[in-house]
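# Inside the fold
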Amino acid sequence: MTVEKFEAGWGRVLQAQFNQAYFEELSCFVREEYRTKQIYPHAKFVFQAFDACTWDRLNVVILGQDPYINPGQAHGLSFSVPDGIPKPPSLQNIFKEIRSEFGQEIPVSGNLLRWAEQGVLLLNSVLTVQAGLSNSHAGKGWERFTDAVIRTISEEKDGIVFLLWGNSAKSKAVFVDEKKHCILTSAHPSPMSVTRGFYGNRHFLLANEYLQANGKTPINW
């Protein structure tokens, strides 16, 4: 795992993390995991969230937990799957909420790259996972890195919308200055919790309203 090709803007603001001992230890762990096990996403997509949503374009953060654990699903963007891959249940529920808010049809593809290219950082708290084993790379250093990402965004940017779904994502709110940014929280879109506050949260409408109020372009969800 190398950071030499990290998107320039992100590379600049996160350089201090790359130079720390924990990140070197994390890198060594991840490299060994890729060498000896089946790890998702493919190594070239580990930092895809940052490559697809550049620092200068950033307006919205959607935080997931860790990559999908089944073959062909994970490609470095939280909740997203590549073209041609069936939508996992949480993503289906996200699209259902968008349909209820905007009245638009659910897209055929679950590839959210088009969101990222509009300025949505689709970030997982943990960026790698062993095939078939959720949370298998938790506690190895990724959380410290992504906490720093969120803290850096809060400190360096203004008027960012943070969409935090579920308890794990909500816990990251402590790193965000609510006086400078918009924090929207709700239940997670998974089938186990979607009816406990995700459906009807109006987060996509509220995000766009906030962006427009701050002179930014709304997202075409």
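The structure we're discussing is the one just above.
A brief structural summary. (Residues numbered from 1 in each chain as written. Predicted model: local features only at pLDDT ≥ 70, side-chain atom pairs only at ≥ 80, totals over all residues. Heavy atoms only, no water.)

What follows deals with the pattern of salt bridges. Any two side chains of opposite charge can pair, on the condition that their charged atoms come close. Inspection of the entire model under this criterion finds 5 salt bridges. Between Arg 31 and Glu 24 there is a salt bridge, with the nearest N and O atoms lying 3.5 Å from each other. A salt bridge links Arg 35 to Glu 32; the shortest N-O distance between them is 2.8 Å. With Arg 35 and Glu 32 both in helix α2 (residues 21-36), this residue pair falls 3 residues apart, about one helical turn. (Salt bridge = Lys/Arg side-chain N within 4 Å of Asp/Glu carboxyl O. Helix = DSSP H or I, 4+ residues; strand = E, 2+ residues; numbered from the N terminus.)

This next bit is on the pairing of strand β2 (residues 60-64). Among the 5 residues in β2, 5 count as buried, and that is most of the element. Alternating positions in β2 separate into two faces, Val 60, Ile 62 and Gly 64 on one and Val 61 and Leu 63 on the other, with burial throughout. Bridge count between β2 and strand β3 (residues 120-124): 5 bridges; the pairing is parallel. Paired with Leu 63 across the bridge in β3 is Leu 123. In this structure, β2 lies alongside strand β5 (residues 161-165), joined through 4 bridges in parallel fashion. Bridged to Leu 63 within β5 is Leu 164. (Buried < 20%, exposed > 50% of the residue type's maximum accessible area, 1.4 Å probe, protein only. Pairing = 2+ DSSP bridges.)

Moving on: the nonpolar core. Counting 63 residues, the largest nonpolar core has Trp 10, Phe 50, Trp 115, Leu 121, Phe 145 and Trp 221 as its most contacted members. Residues in contact with Leu 121, not counting those within four places in the same chain, are Trp 10, Ala 49, Phe 50, Cys 53, Leu 58, Val 60, Val 61, Ile 62, Val 149 and Ile 153. (Core = buried A, V, L, I, M, F, W, Y, C linked by side-chain atoms within 4.5 Å. Contact = heavy atoms within 4.5 Å.)

Before going further, it helps to examine the pairing of β3. Most of β3 sits out of view: 5 of its 5 residues are buried. The alternating pattern of β3 places Val 120, Leu 122 and Asn 124 and Leu 121 and Leu 123 on opposite faces, both of which are buried.

Another aspect to go through is the packing of aromatic side chains. As enumerated under the stated definition, the model contains 21 aromatic pairs in all. Judged by centre distance (6.3 Å) and plane angle (70 degrees), the rings of Phe 95 and Trp 115 are edge-to-face. In this pair, Phe 95 is assigned in helix α4 (residues 89-102) and Trp 115 in helix α5 (residues 113-116), connecting sequence segments 20 residues apart. With a relative accessible area of 2%, Phe 95 lands in the buried category. (Phe/Tyr/Trp six-rings, centres within 6.5 Å; stacked < 30°, edge-to-face > 60°.)

In an α-helix, one turn spans 3.6 residues; hence positions three or four apart end up facing the same way. The terminal C-alpha atoms of α4, which comprises 14 residues, lie 20 Å apart, in line with the 20 Å expected from a rise of 1.5 Å per residue. Buried within α4 we find Ser 90, Leu 91, Asn 93, Ile 94, Phe 95, Glu 97, Ile 98 and Glu 101. As for α4, its buried residues are in contact with α5, β5 and α8 (203-213). Looking one or two residues past α4, Gly 103 carries a phi angle of roughly 75 degrees, positive in sign. (Expected span 1.5 Å × (residues − 1).)

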